[in-house]
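# Architecture and fold: a report
Here's the letter readout for the chains.
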Amino acid sequence: MQSITLIAMGKVQKGFMSEGCAEYTKRLRPMCRFKLIELEDEPLPEKNLNQTLIDRALEKERVKILGSIPKQSFVISLCVEGKQLSSEELARLIDKKGTEGYSDICIIIGSSHGLAERVKRASHLRLSFSKMTFPHQLARVIALEQIYRALSINAGTKYHK
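My aim in this report is to walk through the structure given alongside it, one point at a time. What you see is a predicted model; the values in this text were computed from it and never measured.

A few words on the pairing of strand β1 (residues 3-9). If a strand is regular, its side chains alternate between the two faces of the sheet. Burial of β1 is extensive: seven of the seven residues sit out of reach of the surface. Here β1 shows two buried faces, one formed by Ser3, Thr5, Ile7 and Met9 and the other by Ile4, Leu6 and Ala8. Bridge analysis of β1 against strand β2 (residues 33-39) gives seven bridges, and the strand direction is parallel. Bridge pairing in β2 places threonine 5 opposite lysine 35. Read from β1 through helix α1 (residues 16-28) to β2, the crossover connection turns out right-handed. The pairing of β1 with strand β4 (residues 104-109) spans six bridges and is parallel.

Overall, the coordinates contain 13 salt bridges when judged by the stated rule. A salt bridge links lysine 11 to glutamate 38, with the shortest nitrogen-to-oxygen separation between them at 3.3 Å. Taken together, the residues lysine 11 in the loop between β1 and α1 and glutamate 38 in strand β2 connect sequence positions 27 residues apart. Its salt-bridge partner being glutamate 81, residue arginine 126 comes within 3.4 Å of it at the nearest N-O pair. Of this pair, arginine 126 sits in strand β5 (residues 125-127) while glutamate 81 is found in strand β3 (residues 73-83), placing the two residues 45 residues apart along the sequence. Each of Glu81, Glu117, Lys120 and Arg126 takes part in a single network of salt bridges with overlapping partners.

Ranked by internal contacts, the top residues of the largest apolar core, which has 30 residues, are Leu28 and Ile76. Counting residues in each nonpolar core, the second largest holds 14 residues, with Ile7, Leu58, Ala116 and Val119 among its members.

On to helix α3 (residues 87-99), then. Relative to the 18 Å expected for 13 residues at 1.5 Å per residue, α3 spans 19 Å between its end C-alpha atoms, a close match to the ideal helical length. Of all the positions in α3, only Ser87, Leu90, Ala91, Leu93, Ile94 and Lys97 are classed as buried. In an axial view of α3, the angular spread of the buried residues amounts to 160°, which keeps them on one side of the axis. The exposed set on the far side of α3, more than 90 degrees from its buried face, consists of Arg92 and Thr99. On the buried face of α3, the contacting elements are β3, β4, β5 and α5 (136-155). Two residues or fewer past α3, glycine 101 is found with a positive phi of approximately 100°.

Glancing now at the pairing of β4. Within β4, six of the six residues are buried, leaving the element largely enclosed by the surrounding structure. Neither face of β4 is exposed, since Asp104, Cys106 and Ile108 on one face and Ile105, Ile107 and Ile109 on the opposite face are all buried. As a crossover connection, the stretch from β3 through α3 into β4 is right-handed.

Basis of the calculations
- Residue numbers restart at each chain and count upward from 1, following the sequence in its written direction.
- Reporting of local features is limited, given that this is a predicted model, to residues whose pLDDT is at least 70; pairs of side-chain atoms are given and counted only at 80 or more, and all residues count toward the totals for whole chains, interfaces and linings.
- Hydrogens and waters are ignored; side-chain quantities use all the structure's heavy atoms.
- Note on exposure labels: buried denotes an accessible area under 20% of the residue type's maximum, exposed denotes more than 50%, and partly exposed covers the range between, all computed with a 1.4 Å probe on protein chains only.
- Runs of H or I in DSSP of at least four residues are treated as helices and runs of E of at least two as strands, each being numbered from the N terminus.
- Should DSSP find at least two bridges between two strands, the strands are regarded as paired.
- Handedness rule for crossovers: strands pointing away from the viewer, path from the first strand over the helix to the second running clockwise, crossover right-handed.
- Throughout this description, the term salt bridge denotes a Lys or Arg side-chain nitrogen within 4 Å of a carboxyl oxygen of Asp or Glu.
- Buried residues of nine kinds, namely Ala, Val, Leu, Ile, Met, Phe, Trp, Tyr and Cys, make up a nonpolar core once their side-chain atoms join them within 4.5 Å.
- Helices are assigned an expected span. That span is 1.5 Å times one less than the residue count.
- Think of it as the arc spanned by the lines of direction from the helix axis to the C-beta atoms.
- Two residues form a contact once any of their heavy atoms are found within 4.5 Å.

Have a look at this one:
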């Protein structure tokens, strides 16, 4: 059984996004060894926020993220400049990496300010869901659904039409 780890900055607030995450996590459990790692994002001031403060926060988050990646992982970072894949292409990638000896597929979702460049460079793939911008909490629901869809495609179930 394949291992998939989702590393995400921050927690999903109560409500429909939390319910969506819980539903897809429940669906994933029989299909893979799934692990969600939620890391605390760095607090930033509401006033006088500037790029220097954001960069410092991203650097602190980088340390947490890189320290949480399981060994022997194929690492995917979600970022706006990443490559866009179809659901079928993601399914093939997940399947292929499992047969290439990666013991884990690790997907990283940054905070609302994104990811430090060093996290992106440490990744095997930069992935983008769209040219549009999504709240990072919604990106988590989308990531979970797409992981579930990819595994469903690979299992030959009727979920993906």
